[in-house]
Structures are given as C-alpha cells and as structure tokens.
Amino acid sequence: MAFESLLAKKTRTLLSMLGIIIGVATVIAVFSVGQGAQESVNSQFRNLSANSILVMPNRGRGFTSSSKLKASDAKLLLSAEHLSSATGAVQGNAAVSFNSIDKNYEVVGVDQNFIIISNLTISQGRGLESEDVDRKANRAVIGATVVSDLFTAEQNPLGAEITVAGKKMEVVGVLKKLGSRVGMISVDEAVIIPNTTAEKSILGSRGQVMIATTVDSVDNTKAATTSITAILRAEHKLKVSQEDDFRIMDAGSMVAAAQESAKTMTALLTAIAAITLLVSGIGIMNVMFVTVAERTKEIGIAKAIGGKRADILSQFLLESVILSMVGGLIGMALGQAAIPIISYFNLISLASSWTGPIIGFSFSVLVGIFFGFYPAFKASRLDPVDALRSE
Amino acid sequence: MASEIAIKLEKVFKSYYLANGEEIPVLKGIDLEIKKGEFVAIMGESGGGKTTLLNVIGCLHPLSRGKYFLDGENIGTVKDDFTLAFIRNKKMGFIFQQFNLFSRFSALKNVALPALYAGLPAAEREAKARALLKSVGLADRAQHKPTELSGGQQQRVAICRALINNPEIILADEPTGALDSKSGLEVMEIFTNFKKQGQTVIMVTHTAEVAKYADRIIYLRDGQVLSENYQLKSAY
C-alpha cells in the first residue's frame, strides 16, 4: 500500500529522496575521507619511531631570509644533549637513466647512518658507508620500484652504472620494498646517494635538507630540542632578533598534529553530512505533510471502514521510512561508486570503509522515522467526519 | 428473534462548536430503537441531522449527551480508538453517496481493505473480495480502478467493501444519490437482500422512491424525530 502511494507520485518521491541520497553519499564520503586521512597519516609515520626528532629548513617570511641548514650539520648535532644519533639528508628530484630507460626519481643524499636510523632493510648488496660519504663517491642504493622500472628480471642491478642528473653512479645496494613513506621520502621510488655527493654535484642548493635524529628517551625530547636549537643558532650565526632558520619536529607532536588535522577534517565533513541529513529530513517532513493533506479524505474513509489510528500512523510512517530507506540505498550506491572515481583522479586520499555505508544507511532510516512521525501522527488523529468531508 | 434490539438511542444530543465557541445543536434528544434485521430509512429536510445521526450510529462521532446501546451495551461514552475502530470494522459496513473508493487501488484491493484492517491473511481476504465482487456481477472488473468503472459499478464495489467483514449493521448515506435510476434500482435490490440475510440496514435518503424499500421510515426535523412510519410491504 505504501509502495503504491509512493509510486503514484514519482517525481515528488524522487525529489524528496534527493536530500537523503546526497546526505548518505556525504556520510560515506566523510568516513572514507576520514579513514583515508588516518591511513595516510599512519603510513607516513609508520617507519618513524617515537623518539625521532626531525630538523628542517625554515625559510621564514621575508624575501631575503634563507636557511643555512646543511645535511652536514648532522655531525654537529651529535654533540647535542640526549641525542643518540643524527643523520643529514638532502632531497630533490633528478632524471635517472639506465640503458635507454629514462625516468624522474626522488634523489636522497644521506650519510652512512640513514638506512639504519630509518629502519630500512637492504635486500641486495650493501648500504652506504662512511667512506662513500667522506670521498663523495658516485655510488647509489636504489628503491624497489626503481629496480623494477629500470631493470629487467634477468639484469642484476648490483654493479650496474646508472646516470643520475648526468653523473654516472654505481649501484651498490637495493632496498627491500617498503610500500610506505619515511617522513617525506617515498623510499621505493628513491635513489639514495651520499649527501656530500648530492650537495656537491647532483642537487646543489635546490635540495631540500632534512636532519633526522634520535633522542635517547622520549622523556628527553624537550631538552634535546633546546640543545639542537642552541647548536644550530650558533652554527648559523643567528642574531637574537632573528628567527630560527630551521624547524624542529618531534615524532610525537608530528603524528599528533597530522591526526589532529585528519580529525578536524572528519569533524567538518561530519557536520556537513549532519546538516544535509537534517535538511533532507525537513524535506521529507514537508512532503509527508503535503501527502497527508492531499489524502485527508482517504484517511476519513480508512477510519470509517475500520482503520485504527495505529493503522494510519504506520501506513504514513512506512511511506516516509521507505522514502528515506530507498534514498539511503541509492546514496550508499552513489557514495561507494564515487570512491574509486575520486581515488582515480587522486583528488584526496580515500579509503573505503564499512562504517560509512552502515552509519549512512542507519541514519537515513532514522531520519525517515523521526521526520515522518509527526505528519503520520497528525494524520492518525484527524477527525473521521471532518476528514470525510474534505475534498 | 425479530424483537431483539440492535440499536437503542436514549436522549441523544449532538452539537458542533464553531471556532468562536458557539454551540450549534444538531441532534436534540433523539430516542430510537432499531431491531435486528430491520431495514430503516431516515428521511427529512437538509440540515435536519440525518447524516449526523448516521455518523453517531456509525461511531464516527462521539455523542454530546445521551446513551447509545449497541447489542445492549452503552457505547456512547467509549472514547478508546481501538474499540471504536473495531466496531466500525467488524460490526458496521459504511456505504456513501460518493462511493469513497480509493482511486489508486483496484476494485479488488478496495473491497479487501477492511479485511486488511481486521488482520485477515492476504489469500483469505482476496478470496472473500473476489467472491463478493462475483456476487454483484463484477468478477471481470476486479482489477479495474474506480475511474474505469461506471457509477453503479463503483457503488457495487463500495457495497462489497462494506460487506467483507460480515457486519451486522449496514449504514448507507444516500446510496443512490449519485446514480441514475437504473443503477439506483440495482443497488436497492442488493439492499433488499441484506434483510433476507438478517442484516440490519439504516439508510439516509431524501427520495421517497428509495425509502419505500425500507420497513420503516423515520422522519427527522430540526434534530428531533418527527414521526416513525411503519410501512407494509404489501401496500406497494
């Protein structure tokens, strides 16, 4: 009966469902964006242990200010309080070629400690050694994706000579596939070379410098940070009036900040979804009031032939629940269909989750019950004789 | 059997109230007894309270004052929707001047609706509805919507709907009022069958032609019973 009534007014039914459709699709989007943000935070920091402290250049706000931070500053930081290790890296993009294959990769200049500090595993060959760094050797350790891009299965990358930004380099090691990032480096797509080599001949001054350090205990993070600041300010000869030309980020506060921003985004989108569902609920209530008004005479007839208040209430309530439920299902389908499309265009990091569709659908049903109840209740309370008299 | 009382009204008053609180009395102390199996016509001028009386008997209106005995039980004070809906559903069958069918539903669904409210299983109510439609010659129109039926056919569908829960009392408000004379005649023939089946019929009409089918005519004027006229079938 409820289905027949809804089908009799197709356009109206569809229009009133639209709000719910958009609402539920938004809920699904919210959850996949939230989940996606959470996952990207996790993958970014998976390889970052809790006692890491990163130092990066801070170029300040003025035109003239520039950062004096160098990868080699890492050595100085070894004398800072509570630091157990420090490794300097310089990062940039460069053309890498082997045989006739030519591609752009992330080139990372590091010292001999980087691979150990970053928890990376060598699958073939060796890592970089202090000798390579000191002698500015043209040697490279390459990521798994680089290997599969440049070499065929039969070719052994070890000992091969690749060209990085026009300089010939010998491959001395291959990294195990990681599938995630270390800080800002996508390790699988990286060519890792001595930082001295990178600063001298490959990246020059266009490289992005980063110094990764580890503190002996998480409790000493604050003391270590103060010490690093003092050493670097002295080294960079900064006046008291000048800002730091570097930024210090400890792992805990970085993860917290990233999670905070992921949470803020989720909260914002949740608010949007809630408002959409609220508005769609009001739309449904409006449509149900119009429907009740149109069918006043029918309500009178139904009462005259023995329809109870409960029968009339449940019929109208069922109609609004069907309306919102079908809208919810369509919204669910649309939301789920949109995830791969959005992911394909790489607009925002998304992860499909079951929470989104389930919560979206449940809310659509709740909206139908909540906003359908009042019109249905009013319908059930109509005086039968007055209702019969209406046209 | 014939002396058993189906409906008894004692000093029944019914008033409407305007928005400004003004009282409009419609029924002013009706005393009435209707026996089981009796066919009663209510006549009288417009505004005399005929339809209001029928609605009071049909439990669509609460009384303002007085007593209403149905099968010996005073239901004039019953306010409970569940009980009133039960009486309208199982004890009474309503037939209206304008048929009042649901235009979206087929004839079959219209007839079956009161059985749905009574909680009958789908197969049973459909079988009953089909049998009733067949009995009034509409077996081949079961799937037609009201708009695809003539006035006479629509009224026959409405009669089937009134009968589906085997009510003891049939209430009809100008059942031939919207019909041509031939269809009206067909409808009245169905009404005379009700009496044969022992059903009590209370019919509002303003046409003497129609009223003559009844055993008794009650004249209302200004909310009161003016006279009760027992007819003899043989006189016509």
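Residues numbered from 1 in each chain as written. Chains lettered and ligands numbered in written order. Predicted model: local features only at pLDDT ≥ 70, side-chain atom pairs only at ≥ 80, totals over all residues.

Helix and strand counts for chain B stand at seven helices and ten strands. Every one of the 236 residues in chain B was classed for burial, and the buried ones make up 46%. Expressed as a percentage of contacts within chain B between residues at least 6 apart in sequence, the contacts between residues at least 24 apart total 69%. (Helix = DSSP H or I, 4+ residues; strand = E, 2+ residues; numbered from the N terminus. Buried ≥ 20, exposed ≤ 12 C-beta atoms within 10 Å, placed from the backbone. Contact = placed C-beta atoms within 7 Å.)

Counting 110 residues, the largest nonpolar core has Ile 42, Val 111, Cys 160 and Ile 202 of chain B as the members making the most contacts within it. Not counting the four nearest positions on each side in its chain, Cys 160 of chain B is found in contact with Val 111, Ala 129, Leu 132, Leu 133 and Val 136 of chain B. Grouped together as the second largest cluster of nonpolar side chains are 58 residues, Phe 98, Ile 185, Ala 190 and Ile 192 of chain A included. (Core = buried A, V, L, I, M, F, W, Y, C linked by C-beta atoms within 7 Å.)

In this section: the confidence of the model for chain A. This prediction gives chain A a mean pLDDT of 84; 95% of its residues lie at or above 70. Ranking the elements of chain A by mean pLDDT puts strand β8 (residues 181-182) of chain A last, at 72, and helix α10 (residues 296-304) of chain A first, at 93. (pLDDT = per-residue confidence, 0-100.)

Residues and elements named next belong to chain B. If you walk across this open sheet you meet the four strands as β2-β1-β4-β5, and the pairing is antiparallel. Edge positions in the open sheet fall to β2 (23-35) and β5 (73-74), since each of these has one partner strand only. Two elements, strand β4 (residues 65-70) and β5, share two bridges in a ladder whose sense is antiparallel. Each bridged residue has a counterpart across the sheet, and for Leu 70 the counterpart in β5 is Glu 73. Helix α1 (residues 50-57) rests against β1 (5-17), β2 and β4 of the sheet, and its axis sits at about 60° to β2. (Pairing = 2+ DSSP bridges. Axes fitted to C-alpha atoms, helices over the stretch in contact; angles between N-to-C directions.)

On to the interface of chain A and chain B, then. Facing the 14 residues of chain A at the interface are 17 residues of chain B. Elements that contribute at least two residues to the side of chain A that touches chain B include exactly α1 (2-8), α10, α11 (309-344) and α13 (384-389) of chain A. Classifying every residue of the side of chain A that touches chain B by side-chain character gives six nonpolar, three polar and five charged. (Nonpolar A, V, L, I, M, F, W, Y, C, P; charged D, E, K, R; others polar.)

All names here are of chain B. In the contact formed by helix α3 (residues 107-117) and helix α5 (residues 151-163), the axes pass within 7 Å of each other and the chain directions differ by 30°. With respect to α5, the element α3 is oriented roughly parallel. As for how α3 packs across α5, the hand of that crossing is right-handed. Residue-level contacts link Ala 107, Asn 110, Val 111, Leu 113 and Pro 114 of α3 to Val 157, Cys 160 and Arg 161 of α5. (Parallel < 35°, antiparallel > 145°, perpendicular 65-115°, else oblique. Left-handed = near helix turned anticlockwise from the far one by under 90°.)

Considering every residue of chain B, the mean pLDDT works out to 90; 96% of them sit at 70 or more. For residues 232-236 of chain B, every residue scores under 50 in pLDDT, and the model assigns this stretch one contact once sequence neighbours within four places are set aside.

Residues and elements named next belong to chain A. Along the chain, Leu 175 turns up in strand β7 (residues 167-175). Once the C-alpha coordinates of Leu 175 and Asp 188 are considered, the two residues, 13 residues apart in sequence, prove to be 7.5 Å apart. Discounting chain neighbours no more than four positions away, the residues touching Leu 175 are Leu 120, Thr 121, Ile 122, Ser 123, Val 141, Gly 143, Ala 144 and Val 187.

This part is about the pairing of strand β8 (residues 200-204) of chain B. Residues and elements named next belong to chain B. Across the five residues that make up β8, a large majority, five, are buried. Side chains Thr 200, Ile 202 and Val 204 of β8 all project onto a buried face; the interleaved residues Val 201 and Met 203 project onto the opposite face, where all are buried too. With five bridges connecting them, strand β7 (residues 169-173) and β8 associate as parallel partners. Within the sheet, the bridge partner assigned to Ile 170 lies in β8 and is Val 201. Regarding topology, helix α6 (residues 181-196) serves as the crossover connection from β7 to the parallel β8, and that connection is right-handed. (Right-handed = clockwise from strand over helix to strand, strands pointing away.)

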